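Descriptive structure summary
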Amino acid sequence: MEADEQLFPIAILIDELKSDDVTLRLNAIHRISTIALALGPERARDELIPFLQDSLDDEDEVLLALAQELGSGFVEYLGGPSYAHLLLGPLENLAAVEESVVREKAAESIVKIAEVLSESQIEEQYIPLLKRLSGGDWFTSRTSSTSLFSAVYPKAKPATQDELRKMFTALCNDDTPMVRRAAARDLGPFAKNLSKELVVSDIIPLYRKLSSDDQDSVRLLTVQDLIAIAESLSHDESKNYLLPSIRSAVQDKSWRVRYMVADHFVKLASAVGEDVVRDELVMAFVHLLKDNEAEVRTAGAGQIPGFAKLVDQDIILARLMPCVRDLAGDNSQHVRAALGMQISGLAPLLGKEATIEHLLPLFLQLLKDEFPDVRLNIISKLEQVNEVIGIDLLSQSLLPAIVELAEDKQWRVRQAIIEYIPLLANQLGVQFFDEQLSNLCMSWLGDTVFSIREAATVNLKKLTDVFGVEWARQTIIPKVLQMGTHPNYLYRMTTIFAITTMAPSLDTPAITGDVLETVLPMVSDPIPNIRFNVAKAFEVLSSVLVKTPEGKEVIKTKISPALDKLKEDSDADVRFFAQKALDAASQQA
């Protein structure tokens, strides 16, 4: 009987893994760590691992789950790191299957296991596995093997390290493009484990071969290798060994390779040193910003502030600004949107005078762009410009454009402007705000889009925090409360939302005055949605009023009777929220 019970977990697992139902098989794999725990380390090693090694499922989803489970702390269920090598068998099978996602996950798990292997386990178990995979007949196992070198190279013996470099070289020269692509992807991480001498003697020749491959899918992956190699060399060595490669990458005939160079340009420039940046990369960057392909120009636009930090202000003005002006009027909306997101990053580098002269006209141009994302990106980044030129200048030059955008037909643009208003108000001061922006903020409360009305109420709360409760009582609250008697229920709803949102920023006198006088009659509103939102508003108002003795009296004499009335409402939701508000009020009291 006891023997039967001991066999039970593994028997169930075997049954479920042989089931025709994929879901059952998948669940069994997800429970595999529990089963290993139930079996104990010895039986998990003797029975579970051989079973997993022999039974390879035909469903990729199941194989992916298995590859993931075996790499997620499964070593402890086998008795610790000294038995970790036993997992390499099942993972080796998974690393050779056809589906790339499964192979990648298996390789990832093998790398995790490599971290806990001892030197003897690496020499006796891991290296033979690596030889089998990298010398496999099918390209699938060879592509998996490229990512497994860097994990064990530092732990291997010198003789084994020589062998590993030869094996990796063979993979870089493989006949199959997919294998060369994998080798190009993993050359950078592998190079970081080698000494500078070996990088020069072994890695750079491999990089040169892969970067001149006839497949652009291989060449584009070498851009990150170039950065990794440059980071492991001194600036002078980078100049001597890598300059021709950098030139050819920037001028590659495939736009996808040029895109990768543009997308990683700041990293590349930081790695090669300021001499190469000044002598070579400034013109190379200009070349990419003027590329025929919009995708390359978009990637380049995203790198402008980062690259500008590496050069002098004179170079920014003489070389980069003409390109920035061209990009601001680019035919592609995506290029302009990328520029809109990044252009404000130039302001701190140029200083006040140059920003006013060169950047402000471009901001105005982009704020009036026909594509909403461009306008949105500019608005969201104006803070950096404000820090450089000051709010007075910014408001004088950009306020007309901001007011225009406040009525933009794209609601997301209106929303971005609303979110920017409290910052603007804080810097402009109360007088300027009341004159220029107050009416604008109130107009949003009547917007046709709910998200705008909601954002407008949050905006009013933030403004109350900035200018104080007294200002809100005189300027905002009367206008909000006027909407409480509007014939259209949406306006009345907005009044309730605004009061609920603003309540935490108000004090007892502000609430007990006009606010309550407006909210109390709405208890009898014909629309149930308004009545239950009134109940919610009472709950929030009570949380503020309870802090003072006068407030507690108001809750007792005015709010509680109103909630009692709502508690008897014909609508279930209204009754629910009224009861909730009453409970909250009694707890606070």
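A short tour of the structure in this document, coming up.

Criteria and thresholds
Residues numbered from 1 in each chain as written. Predicted model: local features only at pLDDT ≥ 70, side-chain atom pairs only at ≥ 80, totals over all residues. Heavy atoms only, no water. Helix = DSSP H or I, 4+ residues; strand = E, 2+ residues; numbered from the N terminus. Buried < 20%, exposed > 50% of the residue type's maximum accessible area, 1.4 Å probe, protein only. Polar contact = N/O pair within 3.5 Å; in protein donor to acceptor, adjacent residues only side chain to side chain. Contact = heavy atoms within 4.5 Å. 1 Å grid on protein atoms, 1.4 Å probe; cavity = no way out; pocket = protein on both sides within 12 Å on 5 of 7 lines; lining within 4 Å. Points joined across faces, edges and corners; volume = space filled by probe spheres on them. Nonpolar A, V, L, I, M, F, W, Y, C, P; charged D, E, K, R; others polar.

1. Looking at the side chain of Gln303
Relative to the elements of secondary structure, Gln303 occurs in the loop between helix H20 (294–301) and helix H21 (304–308). Overall, Gln303 belongs to the buried group, its relative accessible area being 13%. A distance of 3.4 Å separates the side chain of Gln303 from the backbone nitrogen of Phe265, its partner in a polar contact. Beyond its immediate sequence surroundings of up to four residues, Gln303 is in contact with Ala262, Asp263, His264, Phe265, Val266 and Phe285.

2. Comments concerning H20
Of all the residues in H20, the buried ones are Val296, Arg297, Ala299, Gly300 and Ala301. Next to the buried residues of H20 lie helix H17 (255–263), helix H19 (274–289), H21, helix H22 (313–328) and helix H23 (333–342).

3. Topic: the layout of surface pockets
In this structure, the largest pocket encloses a volume near 240 Å³. Around the largest pocket sit Ser100, Arg103, Glu104, Ala107, Phe139, Thr143, Ser144, Ser147, Met178, Arg181, Ala182 and Arg185, which together line it. Secondary-structure elements contributing two or more residues to the lining of the largest pocket are helix H7 (100–114), helix H9 (139–145) and helix H12 (177–191). Each residue belonging to the lining of the largest pocket can be placed in one class, and the counts come to four nonpolar, four polar and four charged. In this structure, the second largest pocket spans a volume of roughly 210 Å³. Lining the second largest pocket are Arg185, Gly188, Pro189, Lys192, Leu221, Gln224, Asp225, Ile227, Ala228, Glu231, His264 and Lys267. Counting residues per element, the ones that place at least two in the lining of the second largest pocket are H12 and helix H15 (222–232). Looking at the lining of the second largest pocket element by element, the count peaks at five residues for H15. Grouping the amino acids of the lining of the second largest pocket by side-chain chemistry returns four nonpolar, three polar and five charged.

4. Observations regarding empty space enclosed by the protein
Considering all chains together, one arrives at two cavities of 30 Å³ or more under this definition. Lining the largest cavity are Tyr207, Ser211, Arg219, Thr222, Val223, Leu226, Ser245, Ser248, Ala249, Asp252 and Val257. Counting only elements with at least two residues in the lining of the largest cavity, the list comes to helix H13 (196–211), H15 and helix H16 (235–250). Roughly 40 Å³ of volume is contained in the second largest cavity. Lining of the second largest cavity is provided by Ile476, Ile477, Val480, Ile499, Met502, Leu506 and Val515. No other element matches the three residues that helix H32 (residues 469–482) contributes to the lining of the second largest cavity. Partitioning the lining of the second largest cavity into residue classes produces seven nonpolar, no polar and no charged.

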